[in-house]
Amino acid sequence: MAAIEINGRIAEATEGETILTVLRRIGVRVPTLCHIDGLTPTGACRLCVVEVEGMPGLVPSCAYPVRDGMKVQTHSPRAVRARKTIIELLLADHPDDCLYCERNGCCQLQDLAEELGVRKRRYAGGHRRANLDISSPSIVRNPEKCILCGRCVRVCEEVQAVSAIDFVGRGCRTQVAPPFGEGINVSSCINCGQCIVACPTGALREQSDIKKVSDALSNPALTVVVQHAPSVSVTIGEEFGLKPGTDAVGVLTTALRRLGFKYVFDTGFSADLTIMEEGSELIHRIKHGGKLPMFTSCSPGWVKFVETFYPDLMGNVSSCKSPQQMMGAIIKTFFAEREKIDPKKIFSVSIMPCTAKKFEAGRPEMGRDGLADIDAVLTTRELARLIRLRGLDLNTLESDEADTPFGERTTAGKIFGASGGVMEAALRSAYYLLTGAEMEDLNIKNVRGFDGIKEARLNINGIDVGVAVVSGLGNARKLLDEIRAGRDDLHFIEVMTCPGGCINGGGQPLKVDQEAVKARMRALYKIDREEALRTSHSNASIKRLYDEFLGEPLGEKSHHLLHTHYVERDVV
Amino acid sequence: MNVEIKQLEPILKKYEGGGRDQLIPLLQEVQNTVGYLSRESITCISRKMNLPASKIYGVATFYNQFRFTPQGKYHVQVCRGTACHVKGSAAILEALQKELGVNPGQTTRDGLFSLEVVACIGACGLAPVITVDGEFHARLTPELVGEIIETYRRKAAENVKA
């Protein structure tokens, strides 16, 4: 233990922790730009500087360890002046086009300029000119707005273990960029969008499909159909001032109808469908000596990660399409046939917590006869923008219900939005498929929560099944390397690209803290606790879909519509 | 598999098992052997050293000494040290860029000239100075730049005829 004095008051601390950790704990706020909880401190932005008695210069509190008896001044005139100067210098070569910026009102640089009272341009630097990188279907890079804090670089390297981007060049010409001066589309970027969430400014954003969707909505020749992912209903509220963790599914449905979507479906339905297929595939693999462990395939960032970095394990990834793509395929085949609509006249939109879904929708395998199954993907953020644009407010709308039959989901499909959810849903149904009975306790608590790697062992009908759940691809890498090295006690592994799952996806509302993300997860499990239908196989619409159209899980129709294959990709 | 990657093999073997701290000497050796750091070389190093290409490219672009295009037949170095600067090397560089149509670090399309900016070649008495393949050209003016380049172009043409 160490006692340190902060602004004249004594605070308890542990030797070795950083000053910033202590400040946060006792509720003293110093601004930060480059800091991310849990990742290596770099001290790059120096906004968190404080005065420490006996030190000649200011020290960055994010990287400076506590010593017993240390005396710290966090808001001395010198420290505050330094922070203001830093912001002024960052603004010196910033484009200053806040009015036109995607992040207007949601930008840390803007907030800090306001907080520190920057009222005039004190340093007029030359404008940095850089090309806008619009090459990716998921992410747009605007290096002119980049302040080189390096958060995206660290998230990409330390959390996702991808390292698609790094600092390129030197001095005032430095940029954060993929290698070889190329667009990000040809890099090993997996499109997860965690860099967007990390970015404090408008330097990184999603490739927007708002225009495409608006155009389709105003085209009378098109039937515009929408599906929304399980995690979207528990996060969209945050964009309209609702408390994190509020489930807004009813008003979300209303808002989507008011926007002009003819049919509103719930991706939870196709999540249930995924479970039927994936559960059956797992059982098939176990019974017939297929490749094990089997990995889930719902998370498109993860899928590209395997294709790029672990092509030797591609055969272990379930051949099931993701729920988005299953729904897309069913809409343009079964649904089109039943409603007698030409599939070419259907415009299929999905609302996703994810930027990688945009990439997934564009994969050439995801359609038939040159017709894509999903025509546009909007992130939660984009949908919120579209809703605001139409003058709708989620706070005042009345609730509505999704359309049948693809609006019906069980809570197993709903918990897909959280790390561990796919596993839990799959095990509930696998148990049923193997034994013909329901599990006594449907809650499989050791696969829930925010731990990066969770493992469990179950006995189903005499078969000992080892499962693991990982989120954040850095954690996936650890597990994959164990498997490459010969680990063979696992049968089924759920991987979600983003830490904590889709509730923390790259397309979710920005500027949230870990508490908000936890609330999102709690909201999903609350739904699971409170509703009656909790297993995918008990979804009556799913049963009907198999009876009327698909036949059986892993049957021929399923094979054509609901399963896919993977391609090896170059590491760049 | 091209010639270039073949040239890399012995170097990569030498550095096998080396960590990040071995990267710069490795890159230097590759550049000395191949002449520049090609995309293929970098991806190959990335695979062998188990380092992301973005990291290697980031490190390499930090240092002036690394080039990403092959050197031209004639390598032009422009001194931008203090003495040369005072004597107007900025205008010399500009004239060279105009004459060759390339920026520092690049090579002309015909492969004849590559342009590089260096800090000081220790010939301050001759400022402003450039070297072409190690030959010094002293007390330059922007007008002289064109003539110098032209002599090398002629030399190259004669070599082809001969």
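What counts and what doesn't
- Residues numbered from 1 in each chain as written.
- Chains lettered and ligands numbered in written order.
- Predicted model: local features only at pLDDT ≥ 70, side-chain atom pairs only at ≥ 80, totals over all residues.
- Heavy atoms only, no water.
- Axes fitted to C-alpha atoms, helices over the stretch in contact; angles between N-to-C directions.
- Helix = DSSP H or I, 4+ residues; strand = E, 2+ residues; numbered from the N terminus.
- Parallel < 35°, antiparallel > 145°, perpendicular 65-115°, else oblique.
- Left-handed = near helix turned anticlockwise from the far one by under 90°.
- Contact = heavy atoms within 4.5 Å.
- Nonpolar A, V, L, I, M, F, W, Y, C, P; charged D, E, K, R; others polar.
- Polar contact = N/O pair within 3.5 Å; in protein donor to acceptor, adjacent residues only side chain to side chain.
- Buried area = accessible area lost by both parts, 1.4 Å probe.
- Salt bridge = Lys/Arg side-chain N within 4 Å of Asp/Glu carboxyl O.
- Phe/Tyr/Trp six-rings, centres within 6.5 Å; stacked < 30°, edge-to-face > 60°.
- Buried < 20%, exposed > 50% of the residue type's maximum accessible area, 1.4 Å probe, protein only.
- Pairing = 2+ DSSP bridges.
- Bend = angle between axes of the 7 residues up to and from the residue.
- Expected span 1.5 Å × (residues − 1).
- Arc of directions from axis to C-beta.
- Domains from an automatic or database assignment.

**A short note on the packing of helix α2 (residues 77-92) of chain A against helix α3 (residues 108-115) of chain A**
All names here are of chain A.
Now for step 1: At their nearest, the axes of α2 and α3 sit 10 Å apart, and the two run at 135 degrees to each other. In terms of orientation, α2 lies oblique with respect to α3. Between α2 and α3 lies a crossing of left-handed hand. Packed against α2, whose contacting residues are I87, L90 and L91, the element α3 presents L109, L112 and A113 at the interface.
Now for step 2: Classifying every residue of the contact of α2 with α3 gives six nonpolar, no polar and no charged.

**Details of the side chain of A:D133**
Residue and element names in this part refer to chain A.
Now for step 1: Tracing the backbone shows D133 in the loop between α3 and β6 (139-141).
Now for step 2: Engagement of the side chain of D133 in a polar contact is seen with the backbone nitrogen of I184, the distance being 2.8 Å.
Now for step 3: When neighbours within four sequence positions are excluded, D133 is seen to be in contact with I139, V140, R141, E182, G183 and I184.

**Quick look at the interface of chain B and chain A**
Frequently, the measure chosen for interface size is the accessible area that the parts lose on association.
Now for step 1: In this complex, chain B contributes 14 residues to the contact, which on the side of chain A involves 16 residues.
Now for step 2: Interface area, chain B with chain A, both sides summed: about 1,300 Å², of which 56% is carbon and sulfur.
Now for step 3: A per-residue breakdown of the area chain B buries against chain A is headed by B:R39, B:S54 and B:Y57, which together make up 43% of the total.
Now for step 4: Summed over the shared surface of chain B and chain A, the result is four salt bridges.
Now for step 5: Close ionic contact of B:K55 with A:E157 constitutes a salt bridge, the shortest N to O distance being 2.9 Å.
Now for step 6: Seen at the junction of chain B and chain A, the total is seven residue pairs in polar contact (both at pLDDT 80 or more).
Now for step 7: Classifying every residue of the side of chain B that touches chain A by side-chain character gives six nonpolar, five polar and three charged.

**Overview of the packing of aromatic side chains**
When we look at a pair of aromatic rings, we describe it by the centre distance and by the angle of the planes.
Now for step 1: One pass over the structure, following the stated rule, counts 18 aromatic pairs over all chains.
Now for step 2: Relative to A:F335, the ring of A:Y263 has its centre 4.9 Å away and its plane inclined at 85 degrees; by these criteria the two rings are edge-to-face. Here the residue A:Y263 occupies a position in strand β11 (residues 263-266), and A:F335 occupies one in helix α10 (residues 323-339), the gap between them amounting to 72 residues. The two residues A:Y263 and A:F335 agree in class, both being buried.
Now for step 3: Ring centres of B:Y63 and B:F66 lie 6.5 Å apart, and the angle between their planes is 80 degrees; on these two criteria the pair is classed as edge-to-face.

**A short note on the sheet that holds strand β17 (residues 453-460) of chain A**
Residue and element names in this part refer to chain A.
Now for step 1: Read across the sheet, four strands follow the order β12-β19-β18-β17 without closing on themselves; strand pairing throughout is mixed. The open sheet has two edge strands, β12 (294-295) and β17, and neither has a second partner.
Now for step 2: Looking at chain direction, β12 and strand β19 (residues 492-496) are connected through two bridges and run parallel. Counterpart to F295 in the pairing with β19 is I493.
Now for step 3: Across the sheet, helix α14 (residues 421-435) is in contact with β17, β18 (463-471) and β19; its angle to β19 comes to roughly 150 degrees.

**What about α10(A)?**
Now for step 1: The principal kink in α10(A), of about 40 degrees, is found at A:I331.
Now for step 2: Among the 17 residues in α10(A), 14 count as buried, and that is most of the element.

**Points about the pairing of strand β1 (residues 2-6) of chain A**
Residues and elements named next belong to chain A.
Now for step 1: Residues of β1 alternate between two faces, with A2, I4 and I6 buried on one and A3 and E5 left unburied on the opposite face.
Now for step 2: Strand direction decides the pairing type here: β1 and strand β5 (residues 71-73), joined by two bridges, are parallel. Paired with I6 across the bridge in β5 is V72.

**Overview of helix α6 (residues 89-100) of chain B**
All names here are of chain B.
Now for step 1: If you check α6, its first and last C-alpha atoms are 16 Å apart, about what 12 residues at 1.5 Å a residue would give, namely 16 Å.
Now for step 2: Where α6 is concerned, the buried positions are S89, I92, L93, A95, L96 and L100. Seen end-on, α6 carries its buried residues on one side only, within an arc spanning 160 degrees. Exposed and facing more than 90 degrees away from the buried side of α6 are E94 and K98.
Now for step 3: Buried residues belonging to α6 abut β1 (74-79), α5 (82-86), β2 (113-118), β3 (130-132) and α7 (142-161).

**Considerations on the domain arrangement of chain A**
Residue and element names in this part refer to chain A.
Now for step 1: Each assigned domain of chain A is listed here: domain 1 (2-75), domain 2 (124-206) and domain 3 (211-562).
Now for step 2: Each of domain 1 and domain 2 has a C-alpha centre, and these two points are 29 Å apart.
Now for step 3: Residue-level contacts link eight residues of domain 1 with eight residues of domain 2.
Now for step 4: Buried surface at the junction of domain 1 and domain 2, summed over both partners, amounts to about 740 Å²; 59% is from carbon and sulfur atoms.
Now for step 5: Three residues stand out in domain 1 for area buried against domain 2, namely L33, I36 and L39, and they jointly supply 60% of the buried area on that side.
Now for step 6: Inspection of the region where domain 1 meets domain 2 yields zero salt bridges.

**A closer look at the sheet that holds β2(B)**
Residue and element names in this part refer to chain B.
Now for step 1: Reading across from one edge, β2-β1-β3-β4 is the order of the four strands in this open sheet, with mixed pairing throughout. Only two strands of the sheet have a single partner each, and these edge strands are β2 and β4 (135-137). Averaged over all pairs of adjacent strands, the angle between their axes in this sheet comes to 25 degrees, without regard to strand direction.
Now for step 2: Here β1 runs beside β3; their pairing, made up of three bridges, is antiparallel. The partner of V76 across the bridge, within β3, is V132.

**A closer look at the side chain of B:S54**
Now for step 1: The topology assignment puts B:S54 in helix α4 (residues 53-62).
Now for step 2: At 2.6 Å, the side chain of B:S54 forms a polar contact with the backbone oxygen of A:S163.

**Details of the pattern of salt bridges**
All names here are of chain A.
Now for step 1: Tallying each qualifying case throughout the model produces 54 salt bridges over all chains.
Now for step 2: Residue K358 is joined to E382 by a salt bridge in which the shortest nitrogen-to-oxygen separation is 2.7 Å. Residue K358 is found in helix α11 (residues 356-361), and its partner E382 is found in helix α12 (residues 380-389); the two are separated by 24 residues along the sequence. The pair K358 / E382 is uniform in exposure class, with both members buried.
Now for step 3: It is possible to trace a salt-bridge network through shared partners that takes in E455, R457, D464, E482, R487 and D489.

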